[in-house]
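# Secondary and tertiary structure notes
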Amino acid sequence: MIIRVTDQAGEKHELEGLDGWRVMEVIRDWGLNIKAECGGALSCATCHVYVDKDWLDVVGAPSDEEEDMLDSVGDVKSNSRLSCQILCSDALDGLTLTLAPSAAKD
Amino acid sequence: MSTEITTDVVVVGAGPCGLFAAFELGLLDLKCHFIDILDRPGGQCAELYPEKPIYDIPGFPVVTGQQLTDNLMAQIAPFAPEFHFNRMINTIEKQEDGSFKVATDADEVFHAKVVVIAAGGGSFQPKRPPVEGIEQYENKSVFYAVRKMDDFRDQDVVIVGGGDSALDWTLNLQPIVRSLTLVHRRDAFKAAPASVNKMKELVMEGKINFLLGQIGKLDGENGQIDHVHLTTDAGDLSLPATRLLPFFGLTMKLGPVADWGLELNDNTIVVDTEKFQTSVPGIFAIGDINWYPGKLKLILSGFHEAALMAQAAKAIVSPGERVVFQYTTSSTKLQKKLGVA
Ligand SMILES: Cc1cc2nc3c(=O)[nH]c(=O)nc-3n(C[C@H](O)[C@H](O)[C@H](O)COP(=O)(O)OP(=O)(O)OC[C@H]3O[C@@H](n4cnc5c(N)ncnc54)[C@H](O)[C@@H]3O)c2cc1C
Ligand code: FES
């Protein structure tokens, strides 16, 4: 499966996703600008992404706990998600998203 | 005038690895002072996942971040380490006699024969909201914490956030400000329900404003804001404001660790695997902050590193003194130190 990611600088990347991996892990392992400080434990919100509007229904809504965590970033939009809470699967082949400014490393 | 403290060991960082180091150093009669930017011990365990379970601490099938911290604090209590919280270590300087002078941003100076850096993923610092140019206003009219209430007296204050800090300071500052607006992105709060109810009462009474939205841009000059722009569902609006308090929690930053003249490898400190000593003799690094071939960033690795580091630290603090290897189960000497014999 492929994930299409636009980074904070506007550059587009096509990343090979691995079934069962978190989208955050794929973005991080490809060396893009994502801090992902807590390693996917839903404790930091530094893996914040904007999911392309066309993919929102497929990806589904964030859990209450994820909504709470999103309170700790200042750039939330209606299509905000934490990428560590999205699991790669064939259904998400072609998933298109943009890294939020608040996900950037220092 | 600065406070001067002399001790055997200064430990930078009171995360799990630093805390356990106080145990291993204590068994060897070395006295520790801790310095941490947080206001409590536990590092990542206390700040990022106090309620989450950890499953790979030997002997604990499951323990939460906070329980592990509490247990470590109980375990090191016999050695009475001293804690200096809410301080950032700024500089470490080697003195001619081989000891170290460690200075904090709270104007304290520590003199120690050994420094143990257990700074983990770096120091915890407030998350800066992604607002262009916010740096120029920081500590002048934009603050991430309230140090002096008086800085807010008779000001037009905007507080952003929905957690306990945002709500607590809304309630605490309301009586002394000229105006106060709480801004949060949604109408649900992570704060204590009693505070949320009290805040809603103040809104009903017209004593504060509550707006759904996020901060967009700041206007002002010479470090002084005069307007905060908000993006709201109903469109953008500009709010007169002389003080802004964004409360978005904390994030880890490497901070001054990078400036201490130690050999680094990609933001971690290079150590040997016999003593966990850095490129500067007498300065050790344990836990997540160090690097050596095969390093695993796990709490249990930090515990092991602390034990070996302590032996080497003892040799520096008490040169020539023979250290006999003993078990806590069988050594009455060690048990006396722990207050159990
Ligand atoms: C969500 C999550 C889950 C985890 N789960 C596990 C697990 O199951 N098992 C496991 O083994 N590990 C786990 N970890 C990793 C584990 O938490 C770390 O390995 C561990 O916290 C490292 O401990 P430490 O003492 O080295 O540093 P930290 O816990 O990072 O503590 C460092 C301390 O130093 C302070 N500090 C740094 N620089 C300065 C300075 N200049 N001045 C003053 N203070 C400073 C910081 O404020 C902090 O309090 C997890 C981490 C996270 C985030
Ligand atoms: S990596 Fe921390 S919340 Fe996703």
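Structure: see above.
Every value quoted in this text rests on a predicted model; they were computed, and no experiment measured them.

Another aspect to go through is the packing of helix α4 (residues 164-173) of chain B against helix α5 (residues 193-204) of chain B. All names here are of chain B. Relative orientation of the contacting elements α4 and α5 amounts to 45 degrees, with a least axis distance of 10 Å. One way to sum up the angle between α4 and α5 is to call them oblique. Handedness of the α4/α5 crossing: left-handed. For the pair formed by α4 and α5, the contact residues are Leu 167, Asp 168, Thr 170 and Leu 171 on the first element and Ser 195, Val 196, Lys 198, Met 199 and Leu 202 on the second. In terms of residue class, the contact of α4 with α5 is made up of five nonpolar, two polar and two charged.

Our next topic: the sheet that holds strand β21 (residues 290-291) of chain B. Backbone hydrogen bonds hold the strands of a sheet together, and the pairing may be parallel or antiparallel. Residues and elements named next belong to chain B. Pairing within the open sheet is mixed, and its three strands lie in the order β18-β19-β21. Two strands bound the open sheet, and with one partner strand each, they are β18 (264-265) and β21. Pairing of strand β19 (residues 268-270) with β21 involves two bridges; the strand directions are parallel. Looking across to β21, one finds that Ile 269 is bridged to Asn 290.

What follows covers the nonpolar core. Core analysis: the biggest nonpolar cluster contains 64 residues, and B:Leu25, B:Ile92, B:Ile117 and B:Ile286 have the highest contact counts within it. Sequence-distant contacts of B:Leu25, that is, excluding residues within four places in its chain, are made with B:Val9, B:Leu30, B:Cys32, B:Met309, B:Ala310 and B:Ala313.

Attention shifts here to the interface of chain A and chain B. The interface is formed by 21 residues belonging to chain A together with 17 residues belonging to chain B. Surface buried jointly by chain A and chain B totals about 1600 Å² across both partners, of which 43% is contributed by carbon and sulfur atoms. Looking at the side of chain A facing chain B, the largest losses of area belong to A:Glu37, A:Asp71 and A:Gly74, adding up to 36% of the total buried there. When the shortest N-O distance is used, the salt bridge between B:Arg186 and A:Asp68 registers 2.6 Å. Scanning the region where chain A abuts chain B turns up 17 residue pairs in polar contact (both at pLDDT 80 or more).

The subject of this paragraph is the pairing of strand β6 (residues 89-94) of chain B. Residues and elements named next belong to chain B. Where β6 and strand β7 (residues 100-104) come together, five bridges link them in antiparallel fashion. By the bridge assignment, Thr 91 is partnered in β7 with Ala 103. Linking β6 back to β7 in an antiparallel pair, the connection comprises five residues, with Gly 98 at a positive phi of about 90 degrees.

The next subject is a nonpolar patch on the surface. Residues and elements named next belong to chain B. A contiguous nonpolar patch, built from Leu 296, Leu 298 and Leu 300 and spanning about 240 Å² of accessible area, is present on the exposed surface. Tracing the backbone shows Leu 296 in the loop between β21 and α6 (299-317). Given the relative accessible area of 52%, Leu 296 is considered exposed.

Moving on: the site of ligand 1. Not every one of the 35 residues close to ligand 1 is listed here, only the nearest: B:Asp36, B:Tyr49, B:Asp56, B:Asp288 and B:Ile299. Chains contributing residues near ligand 1 are chains A and B. The contact in question runs from an oxygen atom of ligand 1 to an N or O atom on the backbone of B:Pro16, over 3.4 Å. A distance of 3.3 Å is found between an oxygen atom of ligand 1 and a backbone nitrogen or oxygen belonging to B:Gly121. Considered on its own, ligand 1 offers 1000 Å² of accessible surface; in the complex 92% of this is hidden by protein. Looking at the shell around ligand 1, the elements with two or more residues in it are α1 (16-27), α2 (43-47) and β9 (123-126) of chain B. Take the shell around ligand 1: its biggest share by element is three residues, from α1(B). Looking at side-chain class alone, the shell around ligand 1 contains 20 nonpolar, 10 polar and five charged residues.

Turning our attention to helix α3 (residues 65-76) of chain B. With 12 residues, α3(B) should cover 16 Å at 1.5 Å per step; its first-to-last C-alpha distance of 17 Å lies within 8% of that length. As for α3(B), its buried residues are in contact with α1, α2, β3 (53-54), β4 (63-64), β5 (82-84) and α6 of chain B.

Residues and elements named next belong to chain B. At a minimum axis separation of 9 Å, α1 and α3 run at an interaxial angle of 20 degrees. Judged on the interaxial angle alone, α3 and α1 are roughly parallel. Here α1 and α3 pass one another in a crossing that is left-handed. From α1, Pro 16, Leu 19, Phe 20, Ala 22 and Phe 23 reach across to α3, where they touch Thr 69, Leu 72, Met 73, Gln 75 and Ile 76. Within the contact of α1 with α3, the residues separate by chemical class into eight nonpolar, two polar and no charged.

Moving on: the packing of aromatic side chains. Residue and element names in this part refer to chain B. Evaluated as defined, the whole model comprises nine aromatic pairs over all chains. Judged by centre distance (5.5 Å) and plane angle (65 degrees), the ring pair of Phe 143 and Phe 152 falls under edge-to-face. By relative accessible area, which is 1% here, Phe 152 ends up buried. Here the aromatic rings of Phe 189 and Phe 210 are separated by 5.6 Å at their centres, their planes lie at 55 degrees, and the arrangement is tilted. Taken together, the residues span a long stretch of sequence, with Phe 189 in the loop between β11 (179-184) and α5 and Phe 210 in strand β12 (residues 209-212) at a distance of 21 residues. Since its relative accessible area comes to 16%, Phe 189 is described here as buried.

Moving on, we come to the side chain of A:Glu37. For A:Glu37, the position within the fold is in the loop between α1 (23-29) and β3 (48-51). Here A:Glu37 falls in the buried class, since its relative accessible area comes to 15%. From its side chain, A:Glu37 meets the backbone nitrogen of B:Met252 in a polar contact 2.8 Å long. Apart from residues lying up to four places away in sequence, A:Glu37 is in contact with A:Cys44, A:Thr46, B:Leu48, B:Leu250, B:Thr251 and B:Met252.

Calculation criteria
Residues numbered from 1 in each chain as written. Chains lettered and ligands numbered in written order. Predicted model: local features only at pLDDT ≥ 70, side-chain atom pairs only at ≥ 80, totals over all residues. Heavy atoms only, no water. Axes fitted to C-alpha atoms, helices over the stretch in contact; angles between N-to-C directions. Helix = DSSP H or I, 4+ residues; strand = E, 2+ residues; numbered from the N terminus. Parallel < 35°, antiparallel > 145°, perpendicular 65-115°, else oblique. Left-handed = near helix turned anticlockwise from the far one by under 90°. Contact = heavy atoms within 4.5 Å. Nonpolar A, V, L, I, M, F, W, Y, C, P; charged D, E, K, R; others polar. Pairing = 2+ DSSP bridges. Core = buried A, V, L, I, M, F, W, Y, C linked by side-chain atoms within 4.5 Å. Buried < 20%, exposed > 50% of the residue type's maximum accessible area, 1.4 Å probe, protein only. Buried area = accessible area lost by both parts, 1.4 Å probe. Salt bridge = Lys/Arg side-chain N within 4 Å of Asp/Glu carboxyl O. Polar contact = N/O pair within 3.5 Å; in protein donor to acceptor, adjacent residues only side chain to side chain. Patch = residues over 30% accessible without salt bridge, like charges linked within 9 Å, V, L, I, M, F, W, Y side chains within 5 Å. Areas by Shrake-Rupley, 256 points an atom, 1.4 Å probe, with all protein chains shown as cover. Near = heavy atom within 4 Å. Expected span 1.5 Å × (residues − 1). Phe/Tyr/Trp six-rings, centres within 6.5 Å; stacked < 30°, edge-to-face > 60°.

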